[in-house]
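# A structural walkthrough
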Amino acid sequence: QKEVEQNSGPLSVPEGAIASLNCTYSDRGSQSFFWYRQYSGKSPELIMFIYSNGDKEDGRFTAQLNKASQYVSLLIRDSQPSDSATYLCAVKGPGGFKTIFGAGTRLFVKA
Amino acid sequence: DAGVTQSPTHLIKTRGQQVTLRCSPKSGHDTVSWYQQALGQGPQFIFQYYEEEERQRGNFPDRFSGHQFPNYSSELNVNALLLGDSALYLCASSLYTDSGNTIYFGEGSWLTVV
């Protein structure tokens, strides 16, 4: 079982729709959860982090965390073509120093 | 506020050669992590440095080594290069006392081994 799993996609949504990206993790003791966006040929950039169960909103982005289900999601409202990128879910466990990444989900927003 | 800077941005090496990649962390950060990202995959953790010591290491052979300097900058060295070492090498910095350990990436170094 991979430590962080994501659907590789591609996920295709029309402009203005809500894009929903999902991630599961295997270490129940994980404490910090992150979403990064990576454009083709570029390095990952941090979108959001979440530590507590529930929702966290930042502009058009909402991160959702359910520790009991070991599930993290990212919702992008009013999707724009500029949101087309690979979205990486990342998790940091307790007592360790490394942040573990999933393989990413490719998102295409059609104009 | 200077972000994470890496050099060189692109390089081509021959199998068997050695390479050194460099990283300066974001201003105010004291911890550096290195990741390898192959095409179509997520970043894979190589190791992390804090206080000039390797704190944790991922599943990479001893051909991969690193160093952190007193000014918090870091180097990644790869010896006896293999074709499979071709990848984007990412440096990420963070603040050790940040309990969330949010990491911020540099632009990366693209390594091609031929």
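Not measured: the values here are computed from a predicted model. (Residues numbered from 1 in each chain as written. Chains lettered and ligands numbered in written order. Predicted model: local features only at pLDDT ≥ 70, side-chain atom pairs only at ≥ 80, totals over all residues. Heavy atoms only, no water.)

### Brief notes about the packing of aromatic side chains
What counts is decided by this rule: In summary, the pairing rule links any two rings of Phe, Tyr or Trp, Trp by its six-membered ring, whose centres are within 6.5 Å, and it sorts them by plane angle into stacked for under 30 degrees, edge-to-face for over 60 and tilted for everything else. In this scheme, a residue with accessible area under 20% of its type's maximum is buried, one over 50% is exposed, and one in between is partly exposed, where area comes from a 1.4 Å probe on protein chains only. Any Lys NZ or Arg CZ that is within 6 Å of a ring centre and within 35 degrees of that ring's normal is treated as a charge sitting over the ring.
The full count for this structure, using the stated rule, is 13 aromatic pairs over all chains. An angle of 25° between the planes, with centres 5.1 Å apart, marks the rings of F49 of chain A and Y51 of chain A as stacked. In this structure Y51 of chain A comes out as partly exposed when scored by relative accessible area, which is 29%. Within the aromatic cluster, the residues linked to one another by ring pairs are F34, Y36 and F101 of chain A together with Y35, F45 and F105 of chain B. Above the plane of the ring of F49 of chain A lies K56 of chain A, whose end atom (NZ or CZ) is 3.7 Å from the centre.

### Overview of unusual backbone geometry
When glycine is set aside, most residues are seen to have a negative phi, and most peptide bonds are trans. Quick note on the threshold: We count a stretch as a helix when DSSP gives it H or I for four or more residues in a row; a strand needs E for two or more, and each element gets its number in order from the N terminus.
Here the residue pair G9 of chain A and P10 of chain A is connected by a cis peptide bond, since its omega of 10° sits within 30 degrees of zero. Mapped onto the elements, P10 of chain A comes out in the loop between β1 (4–6) and β2 (11–14). Following S7 of chain B, the chain continues into P8 of chain B via a peptide bond in cis, with omega recorded as -10°. With respect to the helices, strands and loops of the structure, P8 of chain B is situated in the loop between β1 (5–7) and β2 (10–13). Here the phi dihedral of Q70 of chain A falls at roughly 55°; this positive angle occurs in a residue that is not glycine. Following the sequence through the fold, Q70 of chain A ends up in the loop between β7 (61–66) and β8 (71–76). Looking at Q70 of chain A, the relative accessible area reads 12%, which means it is buried. Although it is not a glycine, A80 of chain B adopts a positive phi angle of roughly 45°.

Bear in mind that shape data such as this cannot, by itself, settle questions of function.
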